[in-house]
Amino acid sequence: MTTDDFHVRFNRVQKSYDGVTLVVKDLNLNIGKGEFVTMLGPSGSGKTTCLMMLAGFEAPTQGEIVFNGRPINNIPPHKRGIGMVFQNYALFPHMTVAENLAFPLQVRRMSKSETAQKVRRALDMVQMGEFGDRYPAQLSGGQQQRIALVRALVFDPELVLMDEPLGALDKQLREKMQYEIRHIHEQLGVTVVYVTHDQSEALTMSDRIAVFNDGVIQQLASPNDLYERPENSFVAQFIGENNELNGTVVSLNDGIAQVTLDNGEQVFALAVTVEEPDKPALLSIRPERVVINPDETGAAHTIEGHVHELIYLGDHIRCRMTVGGNEQFIVKVPNAANNRRLVVGEHVRVGWTAEDCRAFATLQ
Amino acid sequence: MVEQAASGTNLRKKLQRTVRRKKIEAVGLTTPLFCVMLIFYFVPIGLMFYRSIDNSQMREILPATAKAIQQWDGEGLPGEPAYAAMVADMKHAYPNRTLARAGRRLNFDLVGFYSLLLKSGRKVSRLGGPPYKAALIKLDKKWGDPRYWKVLKRGLKNTTLIYLLAALDFRYNDNNRIVGVPDNQAIYRSIIARTIYISLSVTLLCLVIGFPIAYYMATATPRTRNILMILLLLVFWTSLLVRTLSWIVVLQKKGVVNSLLLSSGLVSHPLNLVFNRIGVYIAMTHVLLPFMVLPLYSVMRGIPPHYVRAARSLGATSIVAFIRVYIPQTKAGIGAGSLIVFIQALGYYITPALVGGPKDQMLSYFVAFFVNERVNWSMASALGVMLLVLTGSFYLIFGRRVGITNIKLG
Ligand SMILES: Nc1ncnc2c1ncn2[C@@H]1O[C@H](COP(=O)(O)OP(=O)(O)OP(=O)(O)O)[C@@H](O)[C@H]1O
Ligand SMILES: [Mg+2]
């Protein structure tokens, strides 16, 4: 793929609101046609700002945004033809649902009959055919959300931006809508740039996820890669649950680092960003990858664990223990028939494969 | 069962007790306000209504006639008792100088009554004993004209509609029918129309000037917004009189505006900007502008920017987005501001009186005119009633529609 094949391209984009701090620092992001890309990150990390620059409501301080092979820095929002779903829906309160949907078609001077037909089809797409004459205030949150969604799609844009569209909905409805958005995306083949700070939402919906922090993309990868192979400690901590252990690198061998933990125990870990011995390192292990009392064949090594707390969660048991000096070390023990029951206060051996434990360089 | 029912009534009693206490508190807190409203608002308005139809003065001046004339059926001429009572009343009222007042009032209905009463009053003491009917008719043959007696019968009732009718250019004709006054005497309907016209024009001017100001205030930075707000509220800190008089200074023939226009060569003769309709529009618009800007601003502050952004992202140019998405959402503010300005303008008196010409005076001016110059409280009250009815009906018709109760100032 050459750079021109990308549908959207952020090229060294910077943004500052006050001329002092950079809210977005050197953003490079390529999005393919028909892709579902999610921007995920903590509050204030610049996600909305990026979306606003793409939609044309904010101008980049530096750099270039390319859409369909054309730089769009100087194109006003209404000529970009980019659909947008706002967090609070922004349905026009003085127009009925049908009028809201007709609005983008009317401003494009589409004929009356074609407009009516498209509005009808859009309503049917979200199973809301009989709601055309209602005002937005007469709809539930989920229904408003659906209308906002189809309003952004009714004029057939090639790119749709969504800024935390499900933020105001309850958990169940959110999951239902995630499925529906995903479904519509597949059906229409539009490119979607989606913003959320809910990681499970990002993981279930996206083709690729851009993890934002502090105005920089920390990692851009598929959900799978992001979860399994975080490239730095921020991503490892931000995505999913992680146990952290501090130590010092002893030796590096074939991409595997031998690390001495702060309490003196020795473990092996996959060297992700550690490059030389004698440097401090942060190890990160997923709770479900830790094995209790492993038979020595599977795990590279075992270390001591002291059980503090057990929480029964049905399909698994959540166990808090001290491992390698970390008192908040969590292990998820599958609730399998052949697993021995743990007891609080008990000392056990825990282990993991070197590949499941990722070592990052720290700046100490 | 029984126990449950008992505790049920108990509960209800407890609830009633707490509700009653709340009610007493509420009444206690609002009583002062209510008293003030009663004394300074409802009582005067009630008195005004009463004054506009009150006719008891006439019955005090001609008490015997008032009683006697009730027996008359209104056909032809009344009998001897009415004539006798009239003679007795005139004998009493003429020296007391109240007869002229009655005459003036009756002249309202039938021209000639004033002179008839004065002439008869002067001569009535020279009349001999009864019967008086023939004697009076001999004294002045108008006493033999049934029209005068009909007017008298109507004029001696407890209440009268003549003032309210007069305020709408209507009167009773000789046959007790309500008819319009001749065109050359009709003035009040055109004054009411003029009052509405000036108020509407001022409302429109306020809207056209106030909308951009409110919009700018709603979108400006907090600092600019505060400065604008102070400038706007400055108007409230100077007295109405001072503001109006300063417009005279600014707009007169040798005033600031005319000197600027002359020296810049835009005009060759000074313009007439004051003591005419233009002056009224300028001064009233200036005085009433804040009442338009504040509700508009308050509504605009509540419109989040994402609506216009959404419209833009859907393909609307900024102008289309403004017209189709922004302005409709300011409707409540436009309605409330317009209604407040319009209703206040309807009652304006000082400003048009000072900066307007004779053809620019509004209804209130004539209320004051009848109080101060004619000392005719009845006519003043009747015009006041017209103004109140006018204002009230505009409020009722449009106030509901614009949801004026939803608007908070500031
Ligand atoms: N209009 C603005 N003027 C000045 N600063 C702004 C403006 N909008 C955003 N910022 C700042 O830019 C930074 C990034 O904001 P942005 O809205 O992009 O964050 P976000 O990632 O969308 O966060 P959230 O998840 O809370 O929505 C924040 O520090 C914010 O204070
Ligand atoms: Mg945001």
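Just so it is clear, the structure is predicted and the values come from calculations on it, not from any experiment. (Residues numbered from 1 in each chain as written. Chains lettered and ligands numbered in written order. Predicted model: local features only at pLDDT ≥ 70, side-chain atom pairs only at ≥ 80, totals over all residues. Heavy atoms only, no water.)

**With respect to the overall build of chain B**
Counting its regular elements, chain B contains 20 helices and 2 strands. Relative to its 410 residues, chain B shows a buried fraction of 40%. Within chain B, contacts between residues at least 6 apart in sequence are counted, and of these 72% link residues at least 24 apart. Charge-centre separation for chain B: the mean point of 49 positive side chains lies 13 Å from the mean point of 16 negative side chains. (Helix = DSSP H or I, 4+ residues; strand = E, 2+ residues; numbered from the N terminus. Buried < 20%, exposed > 50% of the residue type's maximum accessible area, 1.4 Å probe, protein only. Contact = heavy atoms within 4.5 Å. Lys, Arg positive; Asp, Glu negative; His and termini not counted. Charge placed at Lys NZ, Arg CZ, Asp CG, Glu CD.)

**Regarding the overall build of chain A**
Per the secondary structure count, chain A includes 9 helices and 20 strands. C-alpha atoms of chain A, sized along the principal axes, occupy 75 × 45 × 35 Å. For chain A, contacts bridging at least 24 residues in sequence account for 66% of all contacts bridging at least 6. Counting only carbon and sulfur atoms, one obtains 48% of the accessible surface of chain A, whose full area is about 16800 Å². Averaging the coordinates of the 34 positive side-chain charges in chain A and doing the same for the 45 negative ones gives two points 9 Å apart. (Areas by Shrake-Rupley, 256 points an atom, 1.4 Å probe, with all protein chains shown as cover.)

**Concerning the interface of chain A and chain B**
A common way to report how large an interface is uses the accessible area buried once the components associate. Chain A puts 24 residues into the contact, and the matching count from chain B is 16 residues. Both faces considered, chain A and chain B share a buried interface measuring about 1800 Å² in area, 66% of it formed by carbon and sulfur atoms. Scanning the region where chain A abuts chain B turns up 1 salt bridge. Glu58(A) is the partner of Arg309(B) in a salt bridge, and the nearest nitrogen-oxygen pair spans 3.8 Å. (Buried area = accessible area lost by both parts, 1.4 Å probe. Salt bridge = Lys/Arg side-chain N within 4 Å of Asp/Glu carboxyl O.)

**Considerations on the site of ligand 1**
All names here are of chain A. Around ligand 1 sit Tyr17, Val23, Ser43, Gly44, Ser45, Gly46, Lys47, Thr48, Thr49, Glu164 and His197, and that is every residue in its neighbourhood. In the environment of ligand 1, an oxygen atom lies 2.7 Å from a nitrogen or oxygen atom belonging to the side chain of Lys47. Measuring from an oxygen atom of ligand 1, one finds a side-chain N or O atom of Thr48 at 2.5 Å. When ligand 1 is considered free in solution it has 630 Å² of accessible area, and contact with the protein chains removes 57% of it. When its residues are assigned to classes, the shell around ligand 1 shows 2 nonpolar, 7 polar and 2 charged. (Near = heavy atom within 4 Å. Polar contact = N/O pair within 3.5 Å; in protein donor to acceptor, adjacent residues only side chain to side chain. Nonpolar A, V, L, I, M, F, W, Y, C, P; charged D, E, K, R; others polar.)

**Observations concerning the domain arrangement of chain B**
Assigned domains within chain B: domain 1 (1-51), domain 2 (58-157) and domain 3 (188-402). For domain 1 of chain B and domain 2 of chain B, the distance between their C-alpha centroids amounts to 54 Å. (Domains from an automatic or database assignment.)

**Structural notes on the domain arrangement of chain A**
Residue and element names in this part refer to chain A. Splitting chain A by domain gives domain 1 (3-235) and domain 2 (241-361). Centre-to-centre separation of domain 1 and domain 2, based on C-alpha positions: 39 Å. With 8 residues of domain 1 at the contact, the number on the domain 2 side is 8 residues. Between domain 1 and domain 2, a total of about 700 Å² is buried, with carbon and sulfur atoms accounting for 42% of that surface. When residues of domain 1 are sorted by the area they lose upon contact with domain 2, Tyr227, Pro230 and Ser233 head the list and together hold 60% of the total. At the boundary of domain 1 with domain 2, the tally comes to 4 residue pairs in polar contact (both at pLDDT 80 or more). The element best represented in the side of domain 1 that touches domain 2 is helix α8 (residues 223-228), accounting for 3 residues. Its residues placed into classes, the side of domain 1 that touches domain 2 shows 3 nonpolar, 2 polar and 3 charged.

**Some words on the pairing of strand β9 (residues 208-213) of chain A**
Strand residues, when the strand is regular, have side chains that alternate between the two faces of the sheet. Residues and elements named next belong to chain A. For strand β3 (residues 36-40) and β9, the ladder comprises 4 bridges, and the chain directions are parallel. Looking at β9, one finds that Leu40 is bridged to Val211. Relative to strand β10 (residues 216-221), β9 runs antiparallel, the two sharing 5 bridges. Bridge assignment links Asn213 to a residue of β10, and that residue is Val216. Hairpin remark: β9 followed by β10, antiparallel, with 2 residues in the connecting loop; positive phi at Asp214, about 60 degrees. (Pairing = 2+ DSSP bridges.)

**Quick notes on helix α15 (residues 306-313) of chain B**
Of all 8 residues that make up α15(B), 6 are buried, and the element is covered over most of its length. If you check which residues of α15(B) are buried, you get His306(B), Tyr307(B), Ala310(B), Ala311(B), Arg312(B) and Ser313(B). Buried positions along α15(B) lie against α2 (77-80), β6 (82-85), α3 (97-106) and α5 (141-153) of chain A together with α16 (318-329) of chain B.

**Focus on the confidence of the model for chain A**
A residue-level look at chain A finds 97% of positions with pLDDT of 70 or above and a mean pLDDT of 89. Summarising per-element confidence for chain A, the mean pLDDT is lowest in strand β15 (residues 291-292) of chain A (86) and highest in α3(A) (96). (pLDDT = per-residue confidence, 0-100.)

**Some points on unusual backbone geometry**
All names here are of chain A. Positive phi outside glycine occurs at Tyr89, with the angle close to 70 degrees. Topologically, Tyr89 is positioned in the loop between β6 and α3. We classify Tyr89 as buried; its relative accessible area is 7%. Here the phi dihedral of Asp156 falls at roughly 55 degrees; this positive angle occurs in a residue that is not glycine. Given the relative accessible area of 53%, Asp156 is considered exposed.

**A short note on α3(A)**
The element α3(A) is largely enclosed, with a buried count of 7 among its 10 residues. Taken as a whole, α3(A) has its buried residues at Val97(A), Asn100(A), Leu101(A), Ala102(A), Phe103(A), Pro104(A) and Leu105(A). Elements that come into contact with the buried residues of α3(A) comprise α4 (112-125) and α5 of chain A together with α15 and α16 of chain B.

**Concerning the pattern of salt bridges**
Summed over all chains, the structure comprises 25 salt bridges over all chains. The closest approach of N and O atoms between Arg208(A) and Glu35(A), which form a salt bridge, is 2.4 Å. One end of the pair, Arg208(A), is in strand β9; the other, Glu35(A), is in the loop between β2 (24-31) and β3, and 173 residues separate them in sequence. With a relative accessible area of 13%, Glu35(A) lands in the buried category. Measuring nitrogen to oxygen at the nearest pair gives 3.4 Å for the salt bridge that ties Glu186(A) to Arg182(A). In this pair, Glu186(A) and Arg182(A) both sit in helix α6 (residues 171-188), 4 residues apart, roughly one turn of the helix. Among the charged side chains, a network of salt bridges with common partners joins Lys15(A), Glu58(A) and Arg309(B).

**Concerning a nonpolar patch on the surface**
Together, Leu33(B), Phe34(B), Val36(B), Met37(B), Leu38(B), Ile39(B), Phe40(B), Tyr41(B), Phe42(B), Val43(B), Leu47(B) and Tyr50(B) give the surface a local cluster of nonpolar side chains, amounting to about 1200 Å² of exposed area. Judged by relative accessible area, Phe42(B) falls into the partly exposed class, the value being 44%. (Patch = residues over 30% accessible without salt bridge, like charges linked within 9 Å, V, L, I, M, F, W, Y side chains within 5 Å.)

**A word on the side chain of Arg358(A)**
Residues and elements named next belong to chain A. Locating Arg358 in the fold gives a position in strand β20 (residues 357-361). Of the side chains with opposite charge, Glu231 lies nearest to the buried Arg358, which makes no salt bridge, at 6.8 Å. A polar side-chain atom of Arg358 sits 2.9 Å from the main-chain carbonyl oxygen of Pro230.

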